[in-house]
Amino acid sequence: MLEGRVWKGPILDQHMHLDRENRFLKAISDFVQSGGTGIMLVHKPGFSGALPTDIDGYRFAYSETLGMANEVRDTHGVDVGVVLGPHPVAWEHQIEPLGLERSTELHIEAVGLALDHIEAGEANCLGEVGRPHYPVDEMTWTAANDLLLEIMSMASGAGVAIQLHVEDNGEKTCRELSELCGKAGLPLNQAVRHYAPPDVSAGFTHGLSATVSVGKGSVEALTGSARSACAPWGMETDYLDDPRRPGAVLGPKTVPRRTRELCDSLLSDGWDRDEVTNLMTNIHIDWPKALYDL
Ligand SMILES: [Zn+2]
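This section reports on the structure supplied with the text. (Residues numbered from 1 in each chain as written. Predicted model: local features only at pLDDT ≥ 70, side-chain atom pairs only at ≥ 80, totals over all residues. Heavy atoms only, no water.)

Ideal geometry at a metal centre gives angles of 109.5 degrees when four donors are arranged tetrahedrally and 90 or 180 degrees when six donors are arranged octahedrally. In this structure, His15 (NE2), His17 (NE2), Glu128 (OE) and Asp238 (OD) serve as the protein donors to the zinc ion, at separations of 2.1 to 2.5 Å. Coordination at the zinc ion is irregular: its 4 donor atoms span angles of 87 to 176 degrees at the metal. Positions of the donor residues of the zinc ion along the chain correspond to the pattern H-x1-H-x110-E-x109-D. One end of the pair, His17, is in the loop between strand S3 (12-16) and helix H1 (25-33); the other, Asp238, is in the loop between strand S10 (233-236) and helix H10 (254-268), and 221 residues separate them in sequence. (Donors = N, O, S within 2.8 Å, 3.2 Å for Na, K, Ca; no water. Tetrahedral: all angles 85-135°; square planar, octahedral: opposite > 155°, others 65-115°. Helix = DSSP H or I, 4+ residues; strand = E, 2+ residues; numbered from the N terminus.)

Here it is, written out as structure tokens:
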């Protein structure tokens, strides 16, 4: 699937949000025209509007995401896997209005509902779940970690992969998450750190898998660390499709572009063609297939 120096195989963006009120299908057109063939559509919490305050609210919000996934499949013929779950920031935001106990209870209910959809074959992965990416007081941090451990145990029991939204504290974050996975019995290749930095070396990831945010400079960093990776990794934009935050994250054409650049960079770095083909096959086909049952 490597023709010349160009990868002609499937290209998967593992973390993309879409919004009917914004670019929605136009963003998918951009992605497809750039060579993209599949996305993991991640449920987008309504931070700007009202967050669900009961499980029926979550049921409705999830159905919107599932509906968008169907529409993308029908109109563009791309593979769409769905990542469904309550966002850790929603949990933190709701501690004040609902109280810690109720916010936590609702969060667990929403995880259960997402797992039901996955079991029914309507979604493929639990996420994004995790812990707040900004500083919170010690009591909240402890509660967040207890909650995450419970979520990981639920995912482990269901045999489901999770996408993790977490803080960026370098290798320490990966180390702590790997330990939590161990406690929960969740295999590390089924726990994916989303919005991961482009260092995929074993010393950084501690065996936790990752979807790398492929921003500027990522191709150089991936070229430098890919040889010493010990865990599977993929690529993502975290495209937000948010009119209030244009350009806050990467655009929908980015993963196809970085795939091209990375192949070129690895070949120039001395990788042979089979090695590059194997890596691309694992990033865009084999690992996602195993992970999400796509
Ligand atoms: Zn996201």
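Back to the text.
Overall, the coordinates contain 1 aromatic pair when judged by the stated rule. Aromatic side chains Tyr58 and Tyr62 sit 5.7 Å apart centroid to centroid with 55 degrees between the ring planes, which places their arrangement in the tilted category. With a gap of 4 residues between them, Tyr58 and Tyr62 both fall in helix H2 (residues 55-76), about one helical turn apart. Classification of Tyr58 as buried rests on a relative accessible area of 4%. We note Arg227 situated over the ring of Trp271; from NZ or CZ to the ring centre the distance is 4.5 Å. (Phe/Tyr/Trp six-rings, centres within 6.5 Å; stacked < 30°, edge-to-face > 60°. Buried < 20%, exposed > 50% of the residue type's maximum accessible area, 1.4 Å probe, protein only. Lys NZ or Arg CZ within 6 Å of the ring centre and 35° of its normal.)

Looking now at the sheet that holds S3. Ordered in space as S3-S4-S5-S6-S7-S8-S9-S10, the 8 strands form an open sheet in which the pairing is parallel. A strand with exactly one partner marks an edge of an open sheet, and here the two such strands are S3 and S10. Direction aside, the axes of adjacent strands within the sheet are offset by 25 degrees on average. Looking at chain direction, strand S4 (residues 38-42) and strand S5 (residues 79-84) are connected through 5 bridges and run parallel. When the sheet's bridge partners are listed, Met40 is paired in S5 with Gly81. Across the sheet, helix H5 (residues 100-119) is in contact with S5 and strand S6 (125-130); its angle to S6 comes to roughly 160 degrees. (Pairing = 2+ DSSP bridges. Axes fitted to C-alpha atoms, helices over the stretch in contact; angles between N-to-C directions. Contact = heavy atoms within 4.5 Å.)

The contact between helix H9 (residues 218-225) and H10 brings their axes to 9 Å, and the two run at 45 degrees. As summarised for this structure, H9 and H10 are arranged oblique, according to the angle between their axes. Note on packing geometry: the crossing formed by H9 with H10 is right-handed. From H9, Ser218, Val219, Leu222 and Thr223 reach across to H10, where they touch Arg258, Glu261, Leu262, Ser265 and Leu266. Classifying every residue of the contact of H9 with H10 gives 4 nonpolar, 3 polar and 2 charged. (Parallel < 35°, antiparallel > 145°, perpendicular 65-115°, else oblique. Left-handed = near helix turned anticlockwise from the far one by under 90°. Nonpolar A, V, L, I, M, F, W, Y, C, P; charged D, E, K, R; others polar.)

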